[in-house]
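These are the residues of each chain, in order.
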Amino acid sequence: MTERAAAAAGRAADIAVIAGDGIGLEVVPAAIECLDRIASVHGLSLRWNHLDWGSDHFRAHGRMLPVDGLETLAKHDAIFLGAVGVPDIPDVETLWGLLIPIRRTFDQYVNLRPVKTLPGVRSPLADDRPIDLVIVRENTEGEYSEVGGRSHRGQPHELAVQEALFTRPGITRVARFAAALAAQRRGGLTSATKSNGIVHTMPFWDEVVRSVVASSPEVELRSELIDALAASLVLRPWDYDVIVASNLFGDILSDLAGAVTGSIGSAPSANLNPERVHPSMFEPVHGSAPDIAGKGVANPVGQLWSGALMLSHLGHAQAAAHLIAAFESALADGVRTRDLGGSDGTADVTRAVLERIDRLAREYAP
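Please read all numbers here as calculations on a predicted model, not as lab measurements. (Residues numbered from 1 in each chain as written. Predicted model: local features only at pLDDT ≥ 70, side-chain atom pairs only at ≥ 80, totals over all residues. Heavy atoms only, no water.)

Visitor: I would appreciate a short explanation of the pairing of strand S5 (residues 132–138) in the present structure.
Guide: Within a regular strand, the side chains alternate between the two sheet faces. Burial of S5 is extensive: 6 of the 7 residues sit out of reach of the surface. Of the strand pairs in this sheet, strand S4 (residues 110–116) and S5 are connected by 7 bridges, and their pairing is antiparallel. Directly across from arginine 113, in S5, lies its bridge partner isoleucine 135. Relative to strand S10 (residues 242–245), S5 runs parallel, the two sharing 4 bridges. Paired with valine 136 across the bridge in S10 is valine 244. (Buried < 20%, exposed > 50% of the residue type's maximum accessible area, 1.4 Å probe, protein only. Helix = DSSP H or I, 4+ residues; strand = E, 2+ residues; numbered from the N terminus. Pairing = 2+ DSSP bridges.)

This is the structure in structure tokens:
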């Protein structure tokens, strides 16, 4: 067991906090307040190190994080991120200056995105069958590689080349993670592909995924073309259990699936280094939402759920279940922000979750 894995299994955890931009500055404090309450009930020690990085840091210093920022993060057990992105700074600066370097430096090759129907939250679908699936997105290579470039800028014959990069080790490890997860759930694994049109990388993806899953006879694998799969996630999302996908396909499918359950404002994600050699990072899917930032109306559920994923990764599954039960109870009782059809603000939801953490303590406390 590595030192980091041993620390994760213990009760103390050092967590780097990057609230970032927009509503991240509102939902991160809300989630930390709830996580601290959970920690007090379960006898955990969560030590928060607040790092003032993001777009304000970029405006002042020309970069999203300090020169030694990654070295600072490496000393922590986990990273708790709010959101990055503002209208006046190109996304290529905010994402490639902070989020993507963290994912790749710390080999966070699994992007885990649970998607499920939440109590009291209406889906845009007419059918009310419950949805409960997980998208496992390859997180460090694929279509989001750095290989490529632009030539003859500003000229009529300007061109841009972007290379998709797929490696056997990269596909193998994410497929192995997805198969193990499917085996723990309902045994269904869907692989997103486009091997009828992308003639090199996608057939290679299919071959490697099949070879990995062949050693897991308890898992049923089906391969679906990405366009048909996107349609199926709208028409019958309840049929899916675990979906494994490349970087781009997983990114798109997870937003689609989150919207189908009611709002991407509630969707969490975990950027995992499963071996715990490096810290993992936990963040909601919703982004910085500058249109509602500072108004006190942001939905904190995605950040709360990401916090629960962090607790689970750190070895505190019961505490994670307690937090999920608390925000689900609040939602079931009608406490919802306006993106979920309610009228409550961030503070209202936070207060309701805190109350339910206390109310459910006897059921979930050790």
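Visitor: Would you mind showing me how to read the pattern of salt bridges here?
Guide: Any two side chains of opposite charge can pair, so long as their charged atoms come close to each other. Applying the stated rule across the entire model yields 22 salt bridges. Between arginine 47 and aspartate 14 there is a salt bridge; the shortest N-O distance is 2.6 Å. Placement of arginine 47 in strand S2 (residues 45–50) and of aspartate 14 in strand S1 (residues 12–20) is noted, with a sequence separation of 33 residues between them. On the basis of relative accessible area, arginine 47 is assigned to the partly exposed category, the value being 42%. The closest approach of N and O atoms between arginine 356 and aspartate 333, which form a salt bridge, is 2.9 Å. Pair noted here: arginine 356 is in helix H12 (residues 346–359) and aspartate 333 is in the loop between helix H11 (317–332) and H12, with a separation of 23 residues, a long-range link. Here the residues in one salt-bridge network are Arg113, Arg137, Asp251 and Asp255, joined through shared partners. (Salt bridge = Lys/Arg side-chain N within 4 Å of Asp/Glu carboxyl O.)

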